[in-house]
Each structure stands twice: as structure tokens, then as C-alpha cells.
Amino acid sequence: MAWPDATLTVQACLQQAQALGVARLDATLLLAEALKQTRTWVLSHSEYALTPKEYSVFQSWLQQRAQGLPLAYCLGRREFHGLMLKVTPDVLDPRPDTETLVDWALEIWSQGGADHVGSAGSTRQLGSGPAAAREPTRVLDLGTGSGAIALALKAAYPHAQVHASDVSVAALSVAQANAKALGLPLTLHTGHWWGAVSGLRFDLAVANPPYIREGDSHLASLVHEPFVALVAAQDGLADLRTIIKGAPLHLAPGAWLLLEHGHDQAVAVAQALAAAGFVEIGHRSDLAGHTRCTGGRLRR
Ligand code: GLN
């Protein structure tokens, strides 16, 4: 679309975005990025005239966004639990809802609910101090994608050995790039669920596996994200069940397994956990109030 120089203002760009059906917040964030300014600056400088270069950067993102590409892929980054992550179409766009899983893990250890389970202070000498004793020692994020959950846990638990697996080599290279950029070392493993970490045991395992059922109408809005990260057989429960079934062989007695799942899968996940020998089974809700996470503790 031709856009005369005289109208290359922030305001004109926002109007153009609206005409293309792009949400105002998204357009503002794209402008902020193109102008290397904050969102607040953009909002308070509606008369600012973009340089042709700024405009062309904004244009290319705007057109991609108008075609449905998630904002995170347009920008190539996404903030998750206070960490700025690189994201590409090889990985799921990390959702704020998934921060629930991280917060739950932090809650368990901060409240001493994990006493005597892989707490760093109880299994190895890290010097004294209650902080060191309130960290899990061996942590695993199954199907890590961008590394979002694993990195958030490593940021919170600097003494923990944090492992992360994925079946996708392309995803692991994004996770590796994020680990390096953030200075948060992870031990990465390629492979399918527990097959990636055979012979190892953990005190805390978390996963946001694919859980959308095949043919779900929801998938129409997710076409830009990796299918393999989204869809699972058995009404979306196949991977959750595989993870739960294999967990007792790879968790220490008393260890925790926390899982993200679909809004209507909490009962099925809780049943599978109980059948596999988990106790203290609980749930957490996402930002929209859906029961989004279920987890439990392996019987000692
Ligand atoms: N929460 C994502 C969505 O419904 C799906 C993520 C997943 O399948 N793990 O958009």
C-alpha cells in the first residue's frame, strides 16, 4: 500500500493497522519495536513522523501480523516470567498462562512442601543459608521448546541442575541460544519424552506438552505454530499419559510432576497421576480461570 511521506506519523500507522484488522495493542508494540522506544513513548507521540527506514520495518511486521503471524514471531522475541526469549516458528509462542506452572513450582519449594526431596541443602553441600536449601537439585522440563519454563526455573534456582528435552533439534537450538544469551546454563537432551533422559532421575519435572485434540476448531488460529507442539492423539491426552506413565522410573521418591493441559482435561490428568502412584494431587488455574495445570508428588 502506498503511503505518502507526509502521513508517516504514529497516528497514521495506527490507523493503517486498524484498517488491516490488527489490534491496537499489537500495532503499538510493533511501532515501539520499529522505533526502538517504549510502548508508552509511542502512545504519547502520535504526531511523530517515522523515517522511511522505520516505516519499512514497521510495514513488514504489520503485513505479517495482518496475515495472522503471532506477534512474538514478527518480533522474534517474547517475554516469559521476566525473561526476554528469542522465539522462532520452530517453537511454541510461550503463553503467559504457562507462567502458572513456574509459579506453582516456586510455591512448592518456597513453602517447604518439598522438604527432603532433592532440596539442594539436603543432598549436597552448598554452604549454609536457607535459600540454598529451598531449591530442587535436579529439575527437568520435558518438551522445552524455546526453553521458557526451564530457564525461568534456572533463574529462580541458580544452584539446581536444570535439564530440558525436546524431540525437535530446531527447538533445542532456540533453547540453547536463549540459555546462552541469558547466562542460564541448561543441560539439553534430544528425544521423545523420558526417552531423552534415560538413566536420570529428577526431583521436579514439568511439562507443557501438546494437548489439543486432532481436528479441534481452536487449531485454525494456531496455524503458524509447530503442529507437533500442539496436537496429541487420544483426545489430546496421549502425550500427557505417556509422561505420567513413565514418570515413576525417572523421578525420585517424593518428587513432583507438574503438567499443563487443556481446560477440560484436569480430571483425566488427575486420574492418570493417581494410577501412576502420585499423591497430593492438585490443580492451578490460568489467567482466564481455566484449570490449566495438574500435578502431584510421587509416593515415597
Ligand atoms: N495453550 C496452547 C493453546 O491452547 C496450547 C499449548 C499446548 O498444546 N501445549 O493455544
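Residues numbered from 1 in each chain as written. Predicted model: local features only at pLDDT ≥ 70, side-chain atom pairs only at ≥ 80, totals over all residues. Heavy atoms only, no water.

### As for the nonpolar core
At step 1: Of all hydrophobic cores here, the largest spans 32 residues; its most connected members are Trp194, Ile243, Leu251, Leu257 and Leu259.
At step 2: For this core, the secondary structure elements donating two or more residues are strand 3 (138-142), strand 6 (202-207), helix 11 (238-250), strand 9 (251-260) and helix 12 (266-275).
At step 3: Leave out the neighbours within four places in its chain, and Trp194 touches Leu140, Leu142, Phe202, Ala205, Thr242, Ile243, Gly246, Ala247, His250 and Leu251.
At step 4: Listed in part, the 29 residues of the second largest apolar core include Trp104, Ala114, Leu151 and Tyr157. (Core = buried A, V, L, I, M, F, W, Y, C linked by side-chain atoms within 4.5 Å. Buried < 20%, exposed > 50% of the residue type's maximum accessible area, 1.4 Å probe, protein only. Helix = DSSP H or I, 4+ residues; strand = E, 2+ residues; numbered from the N terminus. Contact = heavy atoms within 4.5 Å.)

### A short note on the packing of helix 1 (residues 10-19) against helix 2 (residues 24-35)
At step 1: It is the contact of helix 1 with helix 2, at a shortest axis distance of 9 Å, that shows an interaxial angle of 135 degrees. Considering the angle they form, helix 1 stands oblique to helix 2. Remark: the crossing between helix 1 and helix 2 carries right-handed chirality. Together, Val10, Cys13, Leu14 and Ala17 of helix 1 and Arg24, Ala27, Thr28, Leu31 and Leu35 of helix 2 make up the contact between the two elements.
At step 2: The class makeup of the residues in the contact of helix 1 with helix 2 is seven nonpolar, one polar and one charged. (Axes fitted to C-alpha atoms, helices over the stretch in contact; angles between N-to-C directions. Parallel < 35°, antiparallel > 145°, perpendicular 65-115°, else oblique. Left-handed = near helix turned anticlockwise from the far one by under 90°. Nonpolar A, V, L, I, M, F, W, Y, C, P; charged D, E, K, R; others polar.)

### Quick word on the site of the ligand
At step 1: As a structural note, the neighbourhood of the ligand is formed by Leu92, Arg95, Asn208, Pro209, Pro210, Tyr211, Ile212, His218, Leu222, Ala229, Leu230 and Glu260.
At step 2: In this structure, Arg95 approaches the ligand through a side-chain N or O atom, which is 2.9 Å from an oxygen atom.
At step 3: Contacts to the ligand include His218, whose side-chain N or O atom sits 3.2 Å from an oxygen atom.
At step 4: Against a free-state accessible area of 300 Å², the protein chains account for coverage of 90% of the ligand.
At step 5: In terms of residue class, the shell around the ligand is built from eight nonpolar, two polar and two charged. (Near = heavy atom within 4 Å. Polar contact = N/O pair within 3.5 Å; in protein donor to acceptor, adjacent residues only side chain to side chain. Areas by Shrake-Rupley, 256 points an atom, 1.4 Å probe, with all protein chains shown as cover.)

### Considerations on the sheet that holds strand 10 (residues 278-285)
At step 1: As summarised here, the arrangement of the seven strands in space is 5-4-3-6-9-11-10, forming an open sheet in which the pairing is mixed. Pairing within the sheet leaves two strands with one partner each, and these edge strands are strand 5 (187-190) and strand 10. Adjacent strand axes in the sheet meet at a mean angle of 15 degrees when their direction is disregarded.
At step 2: As paired strands, strand 6 and strand 9 are joined by five bridges and run parallel to one another. If you follow Phe202 over to strand 9, its bridge partner there is Leu251. (Pairing = 2+ DSSP bridges.)

### Some points on the environment of Ala49
At step 1: Mapped onto the secondary structure, Ala49 falls in the loop between helix 3 (39-43) and helix 4 (52-66).
At step 2: Between the alpha carbons of Ala49 and Ala12 there is a distance of 9.2 Å; along the sequence they are 37 residues apart.

### What to know about the environment of Val87
At step 1: Positionally, Val87 belongs in the loop between strand 2 (83-86) and helix 6 (99-110).
At step 2: Taking C-alpha positions, Val87 is 8.9 Å from Asn178, a pair spaced 91 residues apart along the chain.
At step 3: Here Val87 is in contact with Ala72, Tyr73, Gly76, Arg77, Arg78, Pro94 and Ser146, once residues within four sequence places are set aside.

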